[in-house]
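As a plain string of letters, each chain reads:
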Amino acid sequence: MTDVSSQVAAAHLELIEAVSSALTLPEATPTAGTAAMLAIDRYREDGWSALAEALKRRLTGRTVDESTLDDEDRMILAAIDRAKDEPRWLHHVAEQAEVEAAEQIAALILAATWGERDALAALNEMREAARAAGIQGSTAHAFVAIVEGERRLDALIESHENAQAGLVERTLVALTQREQGQG
């Protein structure tokens, strides 16, 4: 069996959830199947043709020749199987990915507060990407506010309505731990 990378699973969470749900709940195929097919079609449009074909075969009960897939595709298939067999595992993967992201973002924010130009540029790029996508008050905007000195979770969530509250909170905790370790 292919080893499942939690990072790969977290990166493809929406697809894995949709397909594993369709496979787990065949009686709900109209709803779960539609969500899975939409996710698969998005992947095909983004250039994941071999994976998309394999997933469609899997949904229709046909066998999949995994030798035509690359390592990441095989990990995604393995993650779908594991999510189907252990639904709580996928929630754990998403939570773990958020914890890891918070640690990395806290390090970036700390460097930015010290004036490190690359860290400041990276945070600004995140904010600009959110802005370009039409998202105001995003998680990236909240991170910039943290660099600028705001450390109250309630104020950050209130002023950044599109921010991921869990990630902002975990980032603040990780940042506080880093700052206390530096002092």
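Residues numbered from 1 in each chain as written. Predicted model: local features only at pLDDT ≥ 70, side-chain atom pairs only at ≥ 80, totals over all residues. Heavy atoms only, no water.

**Q** Can you break down the side chain of histidine 12 residue by residue, with the values?
**A** Structurally, histidine 12 can be placed in the loop between helix H1 (6-11) and helix H2 (13-24). Of the polar contacts made by the side chain of histidine 12, one reaches the side chain of glutamate 72; its length is 2.8 Å. Beyond its immediate stretch of four places on either side in the chain, histidine 12 contacts Tyr43, Trp48, Glu72 and Ile76. (Helix = DSSP H or I, 4+ residues; strand = E, 2+ residues; numbered from the N terminus. Polar contact = N/O pair within 3.5 Å; in protein donor to acceptor, adjacent residues only side chain to side chain. Contact = heavy atoms within 4.5 Å.)

**Q** Describe the pattern of salt bridges, and please don't skip the residues or the numbers.
**A** Under the counting rule described, the total for this entry stands at twelve salt bridges. Across the salt bridge formed by arginine 44 and glutamate 53, the nearest N and O atoms sit 3.8 Å from each other. By relative accessible area, arginine 44 is classed as partly exposed at 31%. Given a relative accessible area of 35%, glutamate 53 falls into the partly exposed group. Of the charged contacts in the structure, one is a salt bridge between glutamate 98 and arginine 170, with a shortest N-O distance of 2.7 Å. One end of the pair, glutamate 98, is in helix H6 (residues 87-113); the other, arginine 170, is in helix H10 (residues 165-182), with 72 residues separating them in the sequence. A network of salt bridges, in which partner residues are shared, links Arg58, Glu66 and Asp81. (Salt bridge = Lys/Arg side-chain N within 4 Å of Asp/Glu carboxyl O. Buried < 20%, exposed > 50% of the residue type's maximum accessible area, 1.4 Å probe, protein only.)

**Q** So, the packing of helix H7 (residues 117-132) against helix H8 (residues 139-147): which residues are in play, and what are the values?
**A** Packing of H7 against H8 leaves a shortest axis separation of 8 Å and a crossing angle of 145 degrees. Along this stretch, H7 crosses H8, giving a crossing that reads as left-handed. Contacts between H7 and H8 pair Leu120, Leu123, Met126, Arg127, Ala130 and Arg131 from the former with Ala140, His141, Phe143, Val144 and Val147 from the latter. Tallied by class, residues from the contact of H7 with H8 come to eight nonpolar, one polar and two charged. (Axes fitted to C-alpha atoms, helices over the stretch in contact; angles between N-to-C directions. Left-handed = near helix turned anticlockwise from the far one by under 90°. Nonpolar A, V, L, I, M, F, W, Y, C, P; charged D, E, K, R; others polar.)

**Q** Please give an account of the nonpolar core that cites residues and values.
**A** In terms of nonpolar packing, the biggest core is built from 24 residues, with Leu15, Ile16, Val19, Leu51, Leu55, Ile76 and Trp89 touching the most fellow members. Looking at this core, the elements with two or more residues in it are H1, H2, helix H3 (29-45), helix H4 (49-59), helix H5 (71-85) and H6. Of all hydrophobic cores here, the second largest spans 22 residues; its members include Ala102, Ala111, Leu123 and Leu167. (Core = buried A, V, L, I, M, F, W, Y, C linked by side-chain atoms within 4.5 Å.)

**Q** Can you break down H6 residue by residue, with the values?
**A** Its 27 residues place the ends of H6 40 Å apart at the C-alpha level, agreeing with the 39 Å of an ideal helix rising 1.5 Å per residue. All buried positions along H6 are accounted for by Trp89, Leu90, Val93, Ala102, Ile105, Ala106, Ile109, Leu110, Ala111 and Ala112. (Expected span 1.5 Å × (residues − 1).)

**Q** Tell me about H5, and name the residues and values.
**A** Taking 1.5 Å as the rise per residue, H5 with 15 residues should run 21 Å; its terminal C-alpha atoms sit 21 Å apart, in good agreement. For H5, the full list of buried residues reads Asp73, Ile76, Leu77, Ala78, Ala79, Ile80 and Ala83. Buried residues in H5 make contact with H1, H2, H4 and H6. Two or three places before glutamate 72, at the opening of H5, aspartate 70 has a side-chain oxygen 3.2 Å from that residue's backbone nitrogen.

**Q** Can you break down the environment of tryptophan 114 residue by residue, with the values?
**A** Among the structural elements, tryptophan 114 can be located in the loop between H6 and H7. What makes tryptophan 114 exposed here is its relative accessible area of 59%. It is 40 Å that separates the C-alpha atoms of tryptophan 114 and alanine 79, two residues lying 35 residues apart in sequence.

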